[in-house]
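# Examining the three-dimensional arrangement
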Number of protein chains: 2
Amino acid sequence: VANFWNNLKDVVVKGFEMGRADPRKIVFSAKMGLALVLISFLIFWKEPIKELSSHSVWAILTVVVVFEFSIGATLSKGFNRGLGTLSAGGLALGTAQLCQLAGDWEESVVIVSVFITGFCATYAKLYPTFKPYEYGFRVFLLTYCFIMVSGYQKGDFLHTAITRFLLIALGAGVSLVVNICIYPIWAGEDLHNLVAKNFTRVADSLEGCISGYLHCVEYKRVPSKILTYQASDDPVYSGYRSAVESTSQEDALLGFAIWEPPHGPYKTLQYPWKNYVKVGGSLRHCAFMVMALHGCILSEIQSPAERRLVFRDELQKTGNAGAKVLREIGSKLKRMEKLGTVDILDEVHEAAENLQKKIDQKSYLLVNSESWEIGKPAIVLEDPQDFQTTDSDEKRFPEFKSRSETVLDLSSLQGNWDFSKPIMDDKFNNGESFNKNNSAASNQEESKTYESASVLSLATFASLLIEFVARLQNLVDSFEELSIKANFKEPNDEVVAE
Amino acid sequence: VANFWNNLKDVVVKGFEMGRADPRKIVFSAKMGLALVLISFLIFWKEPIKELSSHSVWAILTVVVVFEFSIGATLSKGFNRGLGTLSAGGLALGTAQLCQLAGDWEESVVIVSVFITGFCATYAKLYPTFKPYEYGFRVFLLTYCFIMVSGYQKGDFLHTAITRFLLIALGAGVSLVVNICIYPIWAGEDLHNLVAKNFTRVADSLEGCISGYLHCVEYKRVPSKILTYQASDDPVYSGYRSAVESTSQEDALLGFAIWEPPHGPYKTLQYPWKNYVKVGGSLRHCAFMVMALHGCILSEIQSPAERRLVFRDELQKTGNAGAKVLREIGSKLKRMEKLGTVDILDEVHEAAENLQKKIDQKSYLLVNSESWEIGKPAIVLEDPQDFQTTDSDEKRFPEFKSRSETVLDLSSLQGNWDFSKPIMDDKFNNGESFNKNNSAASNQEESKTYESASVLSLATFASLLIEFVARLQNLVDSFEELSIKANFKEPNDEVVAE
């Protein structure tokens, strides 16, 4: 019992927090209650028209079903319901005429028509193009069957159809008035905020990746949630994941937003909501590169810490500049401002170019010359001065160096490569102790191969970062398209100067 | 008019094709028609109990709403509906007692209780944990309001509640019997097939990437659908995209599959459907690497064709072996077989190791030594024999070489790097002709930087491929977990030997 009370307390506390985090949810619930009260009241009050109120279920049903969180969803459902009811009513009345002609066969005609209609409407519903109108087909079926069955019993199809339609109209009217007139909640605004928020999330992820890589963060054991692409609270991972995963959410919001009339800051008719989704898609295209960067951290093959240090400043600068661009576009999107005259990508392009030049100058650090068939280059590669950084953090790193080497644990590698460290399976290690001495020579060779792979991984990280920068152009382009189509305001000069 | 007829013909033809591609859709539609006919028939037949049939809407409504494509969805909706109706009925009867105590204030109590219930149920519905029961809350609200309003009018709550419940039970009964007993469609089977199919798709994508890369396929203009992550019919792209995008579909099917009783080949109670989703997630984790590989093809920075040729055999073998592993696991999943005793990853690991060794030996081809601060190595790097392949396709490639160099088009690069080729904006090219001559010197330097970047891109491609291979282990592990939990059959020996 105590357990039950604790659970209940938990739920109440969490529910309370949900309300504080998004007060719109409280408002919406209150609106729903109000709409139900209104419709009950109307039914009580209309008691004189006895027949109407005895079918009050239609009005209540309509309110419960049509009343959705956002205005767009309410309108789209209301439209579906209206269209479904009207067309079903028309068809049912037509069939009714046919029935009366059929005479004795009336009942059979009703049954056959129900089957045919049920078959056709259900089949059409499964057709991909009609997916958004799925609800309309349901209403169509319900109304058609009800009018046929109920009208047949009473022998008056028209009357049945009209009373139902009046009650549905009443329910829909109450829903729409309450939902639109009192504190409307717009799907468009949600879409706007979602896309803007994803910019920040990807930027956070990018910074997390860069700093994680430079600080040689290693996952002792990669969380299995990441390996199976489930939600996890790793901050770097959840940042880009949310951007990648919001595809379906964006599409759903788009489907509702296009139903909404111009409102608030979205004044133009035919507001380009589609372009929001496009910007979201371009952001996703960049987020995939952040994901690949994170893959370098997750990977078992890690480049030595001291070589990362050589490119430290350039990687850091490029990452920061990239994150800054994302944040800036995100906040401009949020404030609905156009890009300024200054090219927003200048800084990040410069940083990427510097990174590239540095790589160009020091690319001998990215490969392992010991195994070259053409012989080693004539100079000593590991000249200590290459690893000297003028940075004050210098002392922080020796520990990483040693750790990253022990982690490699090369002696346990057998005839085939150890690709499986994160989830090491025992059967691959059978006879390990036996082989250990015999295969010392081949291990030596492998360890060199491994070393060269680990060194190349730094090149990969840098290349991916540069590719990320290259993809920003596409993001800027789709943002510009949106800002022109949606008629964003000219940027504030101060902001540009800042 | 002719246009209309053509459109209609189109729709009919496409509808027909949909039916041929998935006959279950036709069966399902016919089942829906049958259920509706049955319920209509029952209502006609029950005419003696006049009152029941005058509220027939409840039975029809239940059939229309509960009858879903898969058994799991039908059961879960039926459960929601039952639970919602029962709890709402109980609560309504309780409130009704309260109302009768309230005497004159009865109407106010009804109104207030409707508001409070509406508020609480709607608020609870928005709570993320209760998301799967969203439909139950709707039914709860509908039933509660209806019983309160209608019972209040007639002064007999209990009777109202019971007749409704009987009709709903009738509708649900008909739906369940028809849907389960006649050609059942299982969500679990869909999940099984979806996951298995994604293996093939990712494998196709991987092979497409490798062969595209080796044949130096370049996108003259990257399709904007890829840049904004929308569906596109590019075969390589759509392959991994479908695996990445099926997250929500897998989750939805999982939600239904856990409702289904043991059936067909899925005999154990508590069948591990969750592990299917896990395998799907691990596959996605691999698919992200294929996506990154494809990114190397989409990228503007392309490595020279003749250097790719050097690693041609190794890349090809690793890619083929990787795709083979994916296909094999996919078909084992489909046939519900355990992995054999032979390590499925042996071949691909060996191929990856060879690729890595080759890189190790020839890593001088992956960097550009001209700008090394430490001076050039003492040997001529571009020894013609490095590019000699013993392959017969040798003659196919010179054309690619020349093309890949013209594509670079280095002379048009300005002060900052040309990251924007795919969607080149005109304003960035202003004054190009003016700069062209003046900045010849700086262009020279940049073109070198560019060259080294393009050479490194090959290293990136190889690293990503190796990382893909490394991720296969995780996939094999989650498949093994599934095959043990789901009690897959032991592999057929012939298949292993084959």
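Above: the structure in question.
This structure is a prediction, so every number in the text was calculated from the model and none was measured. (Residues numbered from 1 in each chain as written. Chains lettered and ligands numbered in written order. Predicted model: local features only at pLDDT ≥ 70, side-chain atom pairs only at ≥ 80, totals over all residues. Heavy atoms only, no water.)

## Examining the overall build of chain A
In plain terms, the rule: A run of H or I in DSSP becomes a helix once it reaches four residues, and a run of E becomes a strand once it reaches two; helices and strands are each numbered from the N terminus. Residue burial is assigned from relative accessible area. The probe radius is 1.4 Å, only protein chains are included, and a residue is buried under 20% of its type maximum, exposed over 50%, and partly exposed in between. Two residues form a contact once any of their heavy atoms are found within 4.5 Å. Accessibility throughout is a Shrake-Rupley quantity obtained with a 1.4 Å probe, and a residue counts as covered only by protein chains that appear here.
Helix and strand content of chain A: 20 helices and 0 strands. Counting across all 498 residues of chain A, residues that qualify as buried make up 55%. Look at the contacts in chain A between residues 6 or more apart in sequence, and 82% of them connect residues 24 or more apart. Of the roughly 21,800 Å² of accessible surface on chain A, a fraction of 59% belongs to carbon and sulfur atoms.

## Notes on unusual backbone geometry
Residues and elements named next belong to chain A. A positive phi angle, close to 55°, is found at Tyr-229, a residue other than glycine. For Tyr-229, the position within the fold is in the loop between helix H10 (224–227) and helix H11 (235–245). Judged by its relative accessible area of 2%, Tyr-229 is buried. One non-glycine residue, Asn-487, lies in the positive phi region at around 60°. Inspection of the secondary structure assignment puts Asn-487 in the loop between helix H19 (440–485) and helix H20 (493–497). With relative accessibility at 55%, the residue Asn-487 sits in the exposed group.

## Brief notes about the nonpolar core
For clarity, the cut-off: For our purposes a nonpolar core is just a set of buried Ala, Val, Leu, Ile, Met, Phe, Trp, Tyr and Cys residues, chained together by side-chain atoms within 4.5 Å.
Counting 156 residues, the largest nonpolar core has A:Tyr276 and B:Tyr276 as the members making the most contacts within it. The contact partners of A:Tyr276, leaving out residues within four places of it in the chain, are A:Leu191, A:His192, A:Val195, A:Tyr266, A:Tyr271, A:Leu333, A:Met336, A:Leu482 and A:Phe488. With 99 residues, the next largest nonpolar core counts A:Phe28, A:Phe140, B:Ala96 and B:Phe137 among its residues.

## Overview of the packing of helix H9 (residues 187–214) of chain A against helix H15 (residues 312–335) of chain A
All names here are of chain A. As a reminder, the rule being used: Axis definition: a line fitted to C-alpha atoms, over the contacting stretch in the case of helices. Angles run 0 to 180 degrees between N-to-C directions. Roughly parallel means an angle under 35 degrees; roughly antiparallel means over 145; roughly perpendicular covers 65 to 115; every other angle is labelled oblique. Three residue categories are used. Nonpolar comprises Ala, Val, Leu, Ile, Met, Phe, Trp, Tyr, Cys and Pro, charged comprises Asp, Glu, Lys and Arg, and polar comprises the others, including Gly.
In contact at an axis separation of 8 Å, H9 and H15 are set at 170° when each is read in the N-to-C sense. In terms of orientation, H9 lies roughly antiparallel with respect to H15. A per-class count over the contact of H9 with H15 returns 13 nonpolar, 8 polar and 5 charged.

## Comments concerning helix H4 (residues 57–66) of chain B
By the criterion of burial, H4(B) is predominantly enclosed, with 10 of the 10 residues buried. For H4(B), the complete set of buried residues consists of B:Val57, B:Trp58, B:Ala59, B:Ile60, B:Leu61, B:Thr62, B:Val63, B:Val64, B:Val65 and B:Val66.

## Notes on the side chain of A:Asp190
Residue and element names in this part refer to chain A. Checked against the element boundaries, Asp-190 lands in helix H9. Residue class for Asp-190 comes out buried when judged on its relative accessible area of 17%. Each residue touching Asp-190, except ones within four places of it in the same chain, is listed here: Arg-24, Phe-69 and Leu-253.

## Remarks on the environment of A:Ala169
Examined against the element boundaries, A:Ala169 turns out to sit in helix H8 (residues 157–181). Considering only alpha carbons, one finds A:Ala169 and A:Arg81, 88 residues apart in sequence, at a separation of 9.7 Å.

## A few points about the packing of aromatic side chains
We count it as follows: Pairing of aromatic side chains requires ring centres within 6.5 Å, counting the rings of Phe and Tyr and the six-membered ring of Trp. Pairs whose planes differ by under 30 degrees are stacked, by over 60 edge-to-face, and all others tilted.
One pass over the structure, following the stated rule, counts 37 aromatic pairs over all chains. Aromatic pair A:Phe288 and B:Tyr229: ring centres 5.0 Å apart, planes at 65°, arrangement edge-to-face. Pair noted here: A:Phe288 is in helix H13 (residues 273–298) and B:Tyr229 is in the loop between helix H10 (224–227) and helix H11 (235–245), and the two residues belong to different chains. Per residue, the accessibility class of A:Phe288 equals that of B:Tyr229, and both read buried. Put simply, the rings of A:Tyr229, A:Tyr237, A:Tyr240 and B:Phe288 pair up and form one aromatic cluster.

## Side note on the pattern of salt bridges
Keep this limit in mind: We define a salt bridge as a contact between a side-chain nitrogen of Lys or Arg and a carboxyl oxygen of Asp or Glu at a distance within 4 Å.
Tallied over the entire structure, the rule returns 33 salt bridges over all chains. Of the charged contacts, one joins B:Glu314 and B:Lys358 as a salt bridge, the two residues approaching to 3.7 Å between their closest N and O atoms. Placement of the pair is B:Glu314 in helix H15 (residues 312–335) and B:Lys358 in helix H16 (residues 346–361), with a sequence separation of 44 residues. Comparing B:Glu314 with B:Lys358, the two get one shared label, buried. Via salt bridges that share partners, A:Glu68, A:Lys77, B:Lys125, B:Glu134 and B:Arg138 belong to a single interconnected network.

## Re the side chain of A:Ser242
Residues and elements named next belong to chain A. We count it as follows: In protein, a polar contact requires one atom able to donate a hydrogen and another able to accept it; more generally it is a pair of N or O atoms within 3.5 Å, and residues adjacent in sequence count only if both atoms are side-chain atoms.
Positionally, Ser-242 belongs in helix H11. At a separation of 3.3 Å, a polar atom in the side chain of Ser-242 contacts the side chain of Arg-201. In contact with Ser-242, not counting residues within four places along its chain, are Asn-198 and Arg-201.

## Topic: the packing of helix H5 (residues 71–102) of chain B against helix H6 (residues 106–125) of chain B
Residue and element names in this part refer to chain B. Quick reminder of the rule: Should the near helix be turned anticlockwise from the far one by less than a right angle, the crossing is left-handed, and should it be turned clockwise, the crossing is right-handed.
At a minimum axis separation of 8 Å, H5 and H6 run at an interaxial angle of 150°. By the angle between their directions, the pair H5 and H6 is classed as roughly antiparallel. H6 is crossed by H5, and the crossing has right-handed handedness. Two secondary-structure elements touch here, H5 through Leu-91, Thr-95, Cys-99 and Ala-102 and H6 through Glu-106, Val-109, Val-110, Ser-113 and Thr-117. Counted by class, the contact of H5 with H6 contains 5 nonpolar, 3 polar and 1 charged residues.

## Brief notes about the environment of A:Gly173
All names here are of chain A. Structurally, the position occupied by Gly-173 is in helix H8. Judged by its relative accessible area of 30%, Gly-173 falls in the partly exposed class. Spatially, the C-alpha atoms of Gly-173 and Thr-62 are 9.6 Å apart, while their sequence positions differ by 111 residues.

## Notes on H9(A)
To be explicit about the condition: Helix span, as expected, comes to 1.5 Å for every residue beyond the first.
Its 28 residues place the ends of H9(A) 41 Å apart at the C-alpha level, agreeing with the 40 Å of an ideal helix rising 1.5 Å per residue. Positive phi shows up at A:Cys216, right after H9(A), with a value of about 55°.

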